[in-house]
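Understanding the architecture of this molecule
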Amino acid sequence: MKPNETADRIRRELAALRLDSAYTVSMPDDWTVSVNRKGCTDSTVLIRGGRVYEYMWLMRCESVAGNVTVEDMPGFLRYLTVILRPGPYAACAGGLRFVNPAELRLFLQYTLPDKYEVAGGPDDPYATITEPGVGFLRIALNDNGRPYKVKPDGRHVGIQGDQGVDLLEAVRRTMRNHTAGWQPVTDSRL
């Protein structure tokens, strides 16, 4: 695929997920595609010669993004949501902000262990995390794009990012210990 075709495809995929307002795709030269996220000052994702790279601004260096390719567009988009995070403390839930539930789902699909399934349709306000045969958890976003757990009765349970609790750790603890927000898969509302 030519660089301009790659750039157009990425733009289309981001637009389909309603993420085109947050991510910008450009071509700094004839053979490079650059993807940035508004608010992310740490990294840029580059595609050159079919290979994907992360360019780290602070260290002024780039590294190959493992097995990530633009041919696997869902995998590439999941990678983007993890590498291009806004703010220096994005690992904490209080620092993580998502544009919409689609971006949240991509992030969770890339970062959670394989035993969990992350689902949700284009207009679904949740990321539903399921451990098949056991239970599920719904994560939604507040008006600022910060994630919170949703209890079975619809009430919200905050994730204490200011105490250093990582979003992924909060999900793992909830699924493991069946704490606030967890529901058994026998629940007919799944």
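What comes next is a walk through the structure.

Side note on the side chain of Thr174
- For Thr174, the location among the structural elements is in helix α4 (residues 167-177).
- Within polar-contact distance, the side chain of Thr174 engages the side chain of Lys149 at 2.9 Å.
- Residue contacts for Thr174: discarding those within four places in its chain leaves Leu137, Lys149, Thr179, Ala180 and Trp182.

Re the pattern of salt bridges
- The tally for this structure, following the rule as stated, stands at eight salt bridges.
- Measuring nitrogen to oxygen at the nearest pair gives 3.1 Å for the salt bridge that ties Asp123 to Arg18. Here the residue Asp123 occupies a position in the loop between β6 (117-119) and β7 (127-131), and Arg18 occupies one in the loop between α1 (3-16) and β1 (23-29), the gap between them amounting to 105 residues.
- For Asp123, a relative accessible area of 63% gives the class exposed.
- When its relative accessible area of 48% is taken as the criterion, Arg18 is described as partly exposed.
- Across the pair Lys115 and Glu131 runs a salt bridge, and its minimum N-O distance is 3.9 Å. With a gap of 16 residues between them, Lys115 in the loop between α3 (101-111) and β6 and Glu131 in strand β7 connect regions that are remote in the sequence.
- Under the relative-accessibility criterion, Glu131 is labelled buried at 18%.
- Residues joined in a network through salt bridges with shared partners are Glu169, Arg172, Arg173 and Arg176.

Brief notes about α3
- Across the 11 residues that make up α3, a large majority, eight, are buried.
- For α3, the set of buried residues is Pro101, Ala102, Glu103, Leu104, Arg105, Leu106, Phe107 and Leu108.
- The N-cap residue of α3 is Asn100: its side-chain oxygen and the backbone nitrogen of Ala102 are 3.0 Å apart.

What counts and how
- Residues numbered from 1 in each chain as written.
- Predicted model: local features only at pLDDT ≥ 70, side-chain atom pairs only at ≥ 80, totals over all residues.
- Heavy atoms only, no water.
- Helix = DSSP H or I, 4+ residues; strand = E, 2+ residues; numbered from the N terminus.
- Polar contact = N/O pair within 3.5 Å; in protein donor to acceptor, adjacent residues only side chain to side chain.
- Contact = heavy atoms within 4.5 Å.
- Salt bridge = Lys/Arg side-chain N within 4 Å of Asp/Glu carboxyl O.
- Buried < 20%, exposed > 50% of the residue type's maximum accessible area, 1.4 Å probe, protein only.

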